[in-house]
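# Tertiary structure, described
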Amino acid sequence: MVTTAGGASMTQFIEFFHLLRPWWLLGLLPVAFLWWSIRPRKQRTSNQHAALAPHLAKALEVGNTHTRRFSPIDLFALAGVLLCLAVAGPSWNRVPNPLVAETAPLVVALKVTESMEAPDLAPSRLDRAKYKILDLIESRAGARTALIAYAGSAHQVAPLTEDPNILKPLLTGLIPKVMPVEGADAATALALALEILGKSETGGAILFALDDLDPADMVALNAEAVENRPPIVFLQTVPDGNDLPQLAQIANSSTVQITPDDSDIARIERQLRSLQQAALADDDRLQWQDRAWWLAWPVALFIALWFRRGWTMRWAAVALALILTQFPNAARADGWKDWFLTPDQQGYLAFKDNSFAEAGELFEDPMWRGYAKYRAGQYEDAIEIFQRLDNADAAFNQGLAEIKNRQYRPAVRSFETALTRQPDFPAAQHNLEVAKAIVEYVEATREQSDTGEEAGIGADDIVFDNEAAKGAETEIEATQEDAAPQTAEQWIESIDTGMEDFLRGRFLADNARAEQ
């Protein structure tokens, strides 16, 4: 797949390319007129020496009769054309919303069967697939990823989430013995993935990590291959040379061979970025990204050539200066970058380079500025910025920053504000429930710390009541020296759930509900 500098495929580039200010193309008319009127023309050969021998006729010629192939006006005309195109505002993709992941939502369907424990990919096919999924999650920082495990049945392990810390322990617990039904039902996994992506506001993709595909599943996968179905990427977790040719028969899909390096992850990311660009192009709420500055660099090179002896055209320099004064979105002259990039464009480049603190200082757009501060860990600054905005996304991100800053009760109010401004906001509703649960836990822990002595329970021991026989008795013992109540984060980290037993219990419950 050929990609442009902006990350879009060539097909998408051709489909979405347009000019934001097409009336500036009228500037091509004076450029063309100047070029036509000034460029020296080739002189016609005189017939007055036709009767003379060629070597004698040449000796009679005075001056240089050869026309220069390139002249200064040619360079001026080319620079003028590029400047007119730049001012016209070429664009082929949308400016991504800073509150939405920069890559498409992804549902990962992992095959968890006995065959995946083959050691031909050390340490095993399943473990290698887990490593690759973790690498992909890390590279997609801030993007939403869901996880499905399938064998004879398919189960949602984690919903779409931006937090890789949720997926890591769940991936570790996925082994064949936790799957309640033997087999390899990829068709059911696909149906579940489509259900998950159906709840997303933007288009997504599905990644299958597998070592084989049942022929019966191929029929079902192709039966689902409608035009609006998300694309499927198959990660072949088999040794190199043991390809699965049947995967090529599935429509709207691509195959990536697992590799020892990160080249397979890079291929998957390129396809996801291409998909996201296509999804953003259909979102009328987002502005088109002005790519005018890409053309500034070749123009600067052409200007440098004008300093050659005999090529200087002072009137052209004056004309160029007049055009540059009309260049859109001219930045303040605080540095050489400001000659070509606005503060928001510089901030976006720093953001893409993961220099979030620098981006937070460069951005003028308050939403981008607040989100960059949030990603840089400057939560107090982010909260202050989001408080001044009156949309649902700002309140939602204010709540995220307050949770990170351990301000749980204000976070509850922020998520409630987001739902008041936009009632249909699933992410805000989910985070509101999480924030309330944290507040309840913290308050319960504090009450237990205050009254635990009367019940014979010290502040250093947390005992979970089992009178209702809802689970095994669990005790968490803290050190007696310098003991203090645990924070919510410490409590979550200290729980030993027995991930394998937990997942198997969940999957059995899923099957029981499905049979009802």
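On a predicted model such as this, the values are computed, not experimentally measured, just so you know.

## Overview of the confidence of the model for the protein chain
For the protein chain, per-residue confidence averages 75 on the pLDDT scale, and residues scoring 70 or more make up 67% of the total. For residues 1-8, every residue scores under 50 in pLDDT, and the model assigns this stretch 19 contacts once sequence neighbours within four places are set aside. Scored below 50 in pLDDT, residues 452-483 makes 27 contacts in the model with residues more than four places away or belonging to other chains.

## Some points on the packing of helix α16 (residues 392-404) against helix α17 (residues 408-421)
Running from N to C, α16 and α17 cross one another at 165°; their axes reach a closest spacing of 8 Å. In terms of axis orientation, α16 runs roughly antiparallel to α17. Handedness of the α16/α17 crossing: left-handed. Contacts between α16 and α17 involve Ala392, Ala395, Phe396, Gln398, Gly399, Leu400, Glu402 and Ile403 from the former and Tyr408, Pro410, Ala411, Ser414, Phe415, Thr417, Ala418 and Arg421 from the latter. Split by residue class, the contact of α16 with α17 holds ten nonpolar, four polar and two charged.

## A closer look at helix α5 (residues 125-139)
With 15 residues, α5 extends 21 Å between its outermost C-alpha atoms, agreeing within 8% with the 21 Å of an ideal straight helix rising 1.5 Å per residue. Within the span of α5, buried status applies to Arg125, Leu126, Arg128, Ala129, Lys130, Lys132, Ile133, Leu136 and Ile137.

## Re the nonpolar core
Grouped together as the largest cluster of nonpolar side chains are 36 residues, with contacts concentrated most on Phe351, Phe363, Phe396, Phe415 and Phe425. Among the elements of the structure, α12 (343-352), α13 (356-362), α14 (366-375), α15 (379-387), α16, α17 and α18 (426-451) are those that each provide at least two residues to this core. Beyond its immediate stretch of four places on either side in the chain, Phe396 contacts Phe415, Ala418, Phe425, Ala427, Ala428 and Asn431. Listed in part, the 35 residues of the second largest apolar core include Met116, Leu167, Val233 and Phe507.

## So, the environment of Val219
Position of Val219 among the secondary structure elements: in helix α8 (residues 215-223). For Val219, a relative accessible area of 59% corresponds to the exposed category. The sequence separation of Val219 and Ala187 amounts to 32 residues, and the corresponding C-alpha distance is 8.8 Å.

## Description of a nonpolar patch on the surface
Residues Trp23, Leu26 and Leu29 make up a contiguous nonpolar surface patch of roughly 390 Å² in combined accessible area. Secondary-structure assignment places Leu29 in helix α2 (residues 28-38).

## Quick look at the sheet that holds strand β7 (residues 232-236)
Spatially, six strands are ordered β5-β4-β3-β6-β7-β8 in an open sheet, and the strand pairing comes out mixed. Looking at strand neighbours, the two that pair on one side only are β5 (154-161) and β8 (253-257), the edges of this open sheet. Neighbouring strand axes in the sheet, compared pairwise and without regard to direction, differ in orientation by 20° on average. Helix-sheet contacts for helix α20 (residues 499-515) involve β4 (145-150) and β5, and the interaxial angle to β5 is about 110°.

## Examining the pattern of salt bridges
Inspection of every chain in the model, using the stated rule, returns eleven salt bridges. A salt bridge links Glu500 to Lys177; its shortest N-O distance comes to 3.6 Å. Here Glu500, found in helix α20, pairs with Lys177, found in the loop between α6 (164-172) and α7 (186-197); they are 323 residues apart in sequence, far enough to count as distant. Residue Glu500 is classed as partly exposed on the basis of its relative accessible area, which comes to 32%. The exposure class of Lys177 is exposed, given its relative accessible area of 58%. For the salt bridge of Lys373 with Glu361, the shortest nitrogen-to-oxygen distance reads 2.6 Å. One end of the pair, Lys373, is in helix α14; the other, Glu361, is in helix α13, and twelve residues separate them in sequence.

Definitions and cut-offs
Residues numbered from 1 in each chain as written. Predicted model: local features only at pLDDT ≥ 70, side-chain atom pairs only at ≥ 80, totals over all residues. Heavy atoms only, no water. pLDDT = per-residue confidence, 0-100. Contact = heavy atoms within 4.5 Å. Axes fitted to C-alpha atoms, helices over the stretch in contact; angles between N-to-C directions. Helix = DSSP H or I, 4+ residues; strand = E, 2+ residues; numbered from the N terminus. Parallel < 35°, antiparallel > 145°, perpendicular 65-115°, else oblique. Left-handed = near helix turned anticlockwise from the far one by under 90°. Nonpolar A, V, L, I, M, F, W, Y, C, P; charged D, E, K, R; others polar. Expected span 1.5 Å × (residues − 1). Buried < 20%, exposed > 50% of the residue type's maximum accessible area, 1.4 Å probe, protein only. Core = buried A, V, L, I, M, F, W, Y, C linked by side-chain atoms within 4.5 Å. Patch = residues over 30% accessible without salt bridge, like charges linked within 9 Å, V, L, I, M, F, W, Y side chains within 5 Å. Areas by Shrake-Rupley, 256 points an atom, 1.4 Å probe, with all protein chains shown as cover. Salt bridge = Lys/Arg side-chain N within 4 Å of Asp/Glu carboxyl O. Pairing = 2+ DSSP bridges.

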